[in-house]
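Chain and residue survey
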Amino acid sequence: MLEGAIILLSCVIFSAFASSAPAIDTSASAVSMIWSYVGELTFNMLVLVGTIKMSDRIVKEMMGL
């Protein structure tokens with residue numbers, strides 16, 4: 001149950017990051033802006049996946065199992 005709560009919290013945080021407008025440098029080229037956005041999205045997704053993968057370990061450490 002606690003593991004599910006951690007996963008749910010991770011998804012909510014990811015959703016907040018993903019729905020916020022990306023920082024756009026108007027002086028950069030279109031390709032540069034696209035790569036910047038893709039990099040930001042990839043980083044957020046890796047954080048989400050890492051948190052979900054680690055949720056089992058986190059719960060076990062919290063419960064002393």
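Below: a short report on this structure. (Residues numbered from 1 in each chain as written. Predicted model: local features only at pLDDT ≥ 70, side-chain atom pairs only at ≥ 80, totals over all residues. Heavy atoms only, no water.)

With that settled, consider the pattern of salt bridges. Once their charged atoms are close, side chains differing in charge can pair, the charge on each being opposite to the other. A full pass over the atoms with the stated rule returns one salt bridge. Here E61 and R57 are joined by a salt bridge, their closest N and O atoms 2.7 Å apart. Of this pair, E61 and R57 both sit in helix 2 (residues 30–63), four residues apart, roughly one helical turn. Owing to a relative accessible area of 54%, E61 belongs among the exposed residues under this scheme. For R57, a relative accessible area of 44% translates into the label partly exposed. (Salt bridge = Lys/Arg side-chain N within 4 Å of Asp/Glu carboxyl O. Helix = DSSP H or I, 4+ residues; strand = E, 2+ residues; numbered from the N terminus. Buried < 20%, exposed > 50% of the residue type's maximum accessible area, 1.4 Å probe, protein only.)

All right, on to the side chain of S55 then. Turning to its location among the elements, S55 is positioned in helix 2. A polar side-chain atom of S55 sits 2.8 Å from the main-chain carbonyl oxygen of I52. Setting aside anything within four residues of it in sequence, one finds S55 in contact with E3, I6 and I7. (Polar contact = N/O pair within 3.5 Å; in protein donor to acceptor, adjacent residues only side chain to side chain. Contact = heavy atoms within 4.5 Å.)

A word on the side chain of N44. Examined against the element boundaries, N44 turns out to sit in helix 2. A relative accessible area of 14% means that N44 is categorised as buried. Setting aside chain neighbours within four positions, we find N44 in contact with F14 and F17.

With respect to the helices and strands, the residue L2 is situated in helix 1 (residues 2–19). Note on L2: relative accessible area 31%, which makes it partly exposed. In this structure the C-alpha to C-alpha distance between L2 and I58, which are 56 residues apart in sequence, comes to 9.6 Å. Discounting chain neighbours no more than four positions away, the residues touching L2 are V59, M62 and M63.

Such coordinate-based values are descriptive only and should not be taken to indicate function.
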